[in-house]
Amino acid sequence: MKKSLIALAIAALGGAAYAQSSVTLYGVADVWVGSEKAGDPRSGPVIRKTQMGSGGYNGSRFGFRGTEDLGGGLKAGFVLEQGFNIDSGAAAATGLQFSRQAYLGLDGGFGTVRLGRQYSAYDELRGATNNAYDSAFAPTARTFAGGVDDYKNRIDNQLYYATPVMNGFRAAIGYGFGEDKTPTASAKDNTSLHVRYAQGPVLVGVAYQKQEVSNTVDRTYTLLAGSYDFGVAKLTAGFNRAKQDQAGKDNEYQFGVSVPVAANAQVAFGYAKAKYKNSAGVKTGDGSGFGITAYYDLSKRTRLYAGYRDTKRENAVGVKTDETKLFAVGVRHNF
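Residues numbered from 1 in each chain as written. Predicted model: local features only at pLDDT ≥ 70, side-chain atom pairs only at ≥ 80, totals over all residues. Heavy atoms only, no water.

Moving on to empty space enclosed by the protein. Tallied over the entire structure, the rule returns one cavity of 30 Å³ or more. Taken as a whole, the largest cavity spans an internal volume of roughly 60 Å³. Around the largest cavity, the lining residues are Arg126, Thr129, Asn130, Thr140, Phe144, Leu223, Gly238, Phe239, Asn240, Glu252 and Gln254. Of all elements in the fold, only helix H2 (121-129), strand S12 (234-244) and strand S13 (248-262) reach the threshold of two or more residues within the lining of the largest cavity. (1 Å grid on protein atoms, 1.4 Å probe; cavity = no way out; pocket = protein on both sides within 12 Å on 5 of 7 lines; lining within 4 Å. Points joined across faces, edges and corners; volume = space filled by probe spheres on them. Helix = DSSP H or I, 4+ residues; strand = E, 2+ residues; numbered from the N terminus.)

This is how it looks when you write it as structure tokens:
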């Protein structure tokens, strides 16, 4: 009789543990209609196009998220996430089954450990502090990276660790194995980290990312950024320095403000400015731009939005080398 009771108890515990495992399908469908003007005026008139696009407010995606409670405060979990263009049905990145993220990890009192393709520790701070909701209307995307190429926001083969939050402080570090070593060249690894403080209305942090371009060339990004929510308005600001050995450096600035106009509506403005210099410190050009966007929530899942972005880049003598103007209205639905 006792053995039967013990067997029943073990079976019940096994069933309870199984019940704590879950796999969730989630995603974002985001589509917009508008007009876009983008190109280099030196090569001829820049043409404006009326078009439909994907990912005006957030990138369209679908994914699978799984978690299992292992007991003692320890959890295992995975994410498999693919981006797509809802206007055409095409994958956002060709050749990748899960272009946005694909990782497995453990969470516990020690913090978080994840392995696989995922956002860099640097990108976590940059995305959290970018103006205009880090949307397609943020001017930073077309103003920054005028001299030094932009950073990689997702890193393959990355071993990532984040500490637990302690009195508002949290640190994270990621190391991406290059895995492309040859007899004559070392692997091009990636390293990123951030330290940030988030408590109440305040978020402030510093982040760093190093990308090995070759055996002799590194590309680095150093970011100081933050935000403060006053309730009636939220301010964001940041300074980033992008530097590449033997090429030069970009000094990049951005700030923004978002204002609630109703319980389910907001308006945001963002401005970005950048100066590009070569390895000798001589100015090679600059960029600037602004963006404005607004949204109205129809429900907890469905959001209407509209926005405008205007940016330009110029060379050292003030000649335009790139200009963009984007106006769009769209809808985003979370599922």
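Alright, that's what it looks like, and here's the rest.
Glancing now at the nonpolar core. In this structure, Tyr122, Leu125, Val148, Tyr151, Ala207, Tyr221, Leu223, Ala225 and Ala242 together form the largest nonpolar core, which totals nine residues. For this core, the secondary-structure elements that each account for two or more residues are H2 and strand S11 (218-229). Apart from the residues lying within four places of it in its own chain, the contact partners of Tyr221 are Tyr122, Val148, Asp149, Asp150, Tyr151, Ala207, Tyr208, Gln209, Gln211, Asn240, Arg241 and Ala242. In this structure, Tyr57, Phe137, Tyr295 and Leu326 belong to the second largest nonpolar core, which totals seven residues. (Core = buried A, V, L, I, M, F, W, Y, C linked by side-chain atoms within 4.5 Å. Buried < 20%, exposed > 50% of the residue type's maximum accessible area, 1.4 Å probe, protein only. Contact = heavy atoms within 4.5 Å.)

The next subject is the pairing of strand S17 (residues 320-334). Across twelve bridges, strand S1 (residues 22-39) lies against S17 in antiparallel orientation. By the bridge assignment for S17, Ala29 is matched with His333. Both strand S16 (residues 302-315) and S17 contribute to a ladder of 13 bridges, which runs antiparallel. Across the sheet, Asp310 pairs through a bridge with Lys325, a residue of S17. (Pairing = 2+ DSSP bridges.)

Moving on, we get to the pattern of salt bridges. The tally for this structure, following the rule as stated, stands at 15 salt bridges. Here Asp156 makes a salt bridge to Arg117, at a shortest N to O gap of 2.6 Å. Placement of the pair is Asp156 in strand S7 (residues 154-162) and Arg117 in strand S6 (residues 111-119), with a sequence separation of 39 residues. Asp310 is the salt-bridge partner of Lys325, the closest N and O atoms lying 2.7 Å from each other. Of this pair, Lys325 sits in strand S17 while Asp310 sits in strand S16, and the two are 15 residues apart along the sequence. Classification of Asp310 by relative accessible area gives buried; the value is 17%. (Salt bridge = Lys/Arg side-chain N within 4 Å of Asp/Glu carboxyl O.)

The two faces of strand S10 (residues 202-212) differ: Leu203, Gly205, Ala207, Gln209 and Gln211 on one face are buried, but Val202, Val204, Val206, Tyr208, Lys210 and Glu212 on the other face are not. Here ten bridges tie strand S9 (residues 190-199) to S10, and the two strands are oriented antiparallel to one another. The residue of S10 that forms the bridge with Ser192 is Gln209. The turn joining S9 and S10, which pair antiparallel and follow one another in sequence, is formed by two residues; a positive phi near 60° is taken by Gly200. With eleven bridges connecting them, S10 and S11 associate as antiparallel partners. Residue Leu203 lies in a different strand from S11, and its bridge partner there is Ser227. A loop of five residues connects S10 with S11, the two strands running antiparallel in sequence.

Tallied over the entire structure, the rule returns 17 aromatic pairs. Between Phe269 and Phe290 the ring centres are 6.4 Å apart and the planes differ by 25°, which places this aromatic pair in the stacked class. One end of the pair, Phe269, is in strand S14 (residues 265-278); the other, Phe290, is in strand S15 (residues 283-297), with 21 residues separating them in the sequence. Phe290 sits in the partly exposed class, given a relative accessible area of 31%. Taken together, the ring pairs in this structure connect Tyr57, Tyr133, Phe137, Tyr295 and Tyr305 into an aromatic cluster. The residue whose ring lies beneath Arg114 is Tyr160, and the NZ or CZ to ring-centre distance is 4.3 Å. (Phe/Tyr/Trp six-rings, centres within 6.5 Å; stacked < 30°, edge-to-face > 60°. Lys NZ or Arg CZ within 6 Å of the ring centre and 35° of its normal.)

This part takes up the layout of surface pockets. In this structure, the largest pocket encloses a volume near 1,300 Å³. Lining of the largest pocket is provided by 39 residues; of these, Gly59, Asp134, Ser135, Ala136 and Asn153 occupy positions nearest its centre. Listed by contribution, the elements that provide at least two residues to the lining of the largest pocket are S1, S6, H2 and helix H3 (140-143). Broken down by class, the residue content of the lining of the largest pocket amounts to 13 nonpolar, 14 polar and twelve charged. (Nonpolar A, V, L, I, M, F, W, Y, C, P; charged D, E, K, R; others polar.)

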